[in-house]
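Report on the structure
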Amino acid sequence: MSIVSEYEKLIADQNRLLGSDHPDTLTTLRRLAEFRFDCRDYAGAADDYGQLHAARARVHGADHPDTLTALYNLATCRALTGDLATATTDYQQLYDARTRVLGADSPDTLRALSALASCRADADDHEGAAADYQRLLDARTRVLGSEHEETLRTRGDLIYQQSRLLSDQPQTPG
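The following paragraphs examine the structure supplied in this document. A quick note: this is a predicted structure, and the numbers were derived from the prediction, not measured. (Residues numbered from 1 in each chain as written. Predicted model: local features only at pLDDT ≥ 70, side-chain atom pairs only at ≥ 80, totals over all residues. Heavy atoms only, no water.)

**Comments concerning the overall build of the protein chain**
Defined as follows: Per the convention used, a helix needs a DSSP run of H or I reaching at least four residues, while a strand needs a run of E reaching at least two, with both numbered from the N terminus. Residue exposure (1.4 Å probe, protein chains only): buried if accessible area is under 20% of the type maximum, exposed if over 50%, otherwise partly exposed. Note on contacts: a residue pair qualifies if any of its non-hydrogen atoms lie within 4.5 Å across the two residues. Method for areas: the Shrake-Rupley scheme with a 1.4 Å probe, in which residue coverage is limited to the protein chains shown.
Helices and strands together make up the secondary structure of the protein chain, namely eight helices and zero strands. In sequence order, the secondary structure elements of the protein chain are arranged as α-α-α-α-α-α-α-α. Counting only C-alpha atoms and orienting by the principal axes, one finds that the protein chain spans roughly 70 × 35 × 25 Å. A burial count over the protein chain gives 35% of its 174 residues as buried. Long-range contacts, defined as pairs at least 24 residues apart, comprise 45% of the intrachain contacts of the protein chain with a sequence gap of at least 6. A total of about 9,700 Å² of accessible surface is found on the protein chain, and carbon and sulfur atoms cover 50% of it.

Written as structure tokens, this is what we have:
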């Protein structure tokens, strides 16, 4: 017995009997995605989270917390499969939505900005990552204070991206 095949059979039955947008069908799809993720099948999890995100957007709308959670998980899986360009786009969409819905200083918004900055850094977009880390540092300083652990970590991430920007520049003889 394969857990994945059992989930897939259940989803097929739920689609047929309940419909693809039924809450039970979506819960089973989420559980399958989580299982694949836990088994490090990031491509399979990305497919499932992509379906889940589309369904959640249809059922609840693009800005609903469940839809945004599915988008975050989709972006994370895409990043882990190496599709950093698409993951960056997803994280940007997530950050924009959370800023619009929750405000710029919400913990969920700041987590989305952190994920966006990290993804840009992984993609060697040091300029974009540095700009995002600066925004994140400003917000964390404002919200948490300059001596908070997360603020200090963000300062370190910003300095690192700034150093990468300098090392990417051509050196002129001195």
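**Details of helix H3 (residues 42-60)**
For the record, the criterion: By this rule, a helix spans an expected 1.5 Å times one less than how many residues it contains.
The end-to-end C-alpha distance of H3, which contains 19 residues, comes to 25 Å, matching closely the 27 Å that a straight helix rising 1.5 Å per residue would cover. Packing partners of the buried residues in H3 comprise helix H2 (23-38), helix H4 (65-80) and helix H5 (84-102).

**Here we look at the packing of aromatic side chains**
This is how it is decided: A pair of aromatic rings is counted whenever rings of Phe, Tyr or Trp (Trp by its six-membered ring) have centres within 6.5 Å, and the orientation is called stacked for planes under 30 degrees apart, edge-to-face for over 60 and tilted otherwise.
Enumeration according to the criterion identifies three aromatic pairs in this entry. Taking 6.4 Å as the distance between ring centres and 50° as the angle between the ring planes, the aromatic pair formed by Tyr-7 and Phe-35 counts as tilted. Residue Tyr-7 is located in helix H1 (residues 3-17), and its partner Phe-35 is located in helix H2; the two are separated by 28 residues in the primary sequence.

**Observations regarding the packing of H2 against H3**
Rules: What counts as an axis is a line fitted to C-alpha atoms, over the stretch in contact for a helix, and the angles between N-to-C directions run from 0 to 180 degrees. With respect to orientation, any angle under 35 degrees is reported as roughly parallel, any angle over 145 as roughly antiparallel, any angle of 65 to 115 as roughly perpendicular, and every other angle as oblique. Should the near helix be turned counterclockwise from the far one by less than a right angle, the crossing is left-handed, whereas a clockwise turn marks it as right-handed. By the convention adopted, Pro, Cys, Tyr, Trp, Phe, Met, Ile, Leu, Val and Ala count as nonpolar, Lys, Arg, Asp and Glu as charged, and the other residues, Gly among them, as polar.
At a minimum axis separation of 8 Å, H2 and H3 run at an interaxial angle of 155°. As the angle between them shows, H2 and H3 are arranged roughly antiparallel. In this structure, H2 meets H3 at a crossing whose hand is left-handed. Counted together, Leu-26, Leu-29, Arg-30, Leu-32, Ala-33, Glu-34, Arg-36 and Phe-37 of H2 and Tyr-42, Gly-44, Ala-45, Asp-48, Tyr-49, Gln-51, Leu-52, Ala-55, Arg-56 and Val-59 of H3 form the full contact between these two elements. Here the residues of the contact of H2 with H3 sort into 11 nonpolar, two polar and five charged.

Structural measurements only, silent on function.
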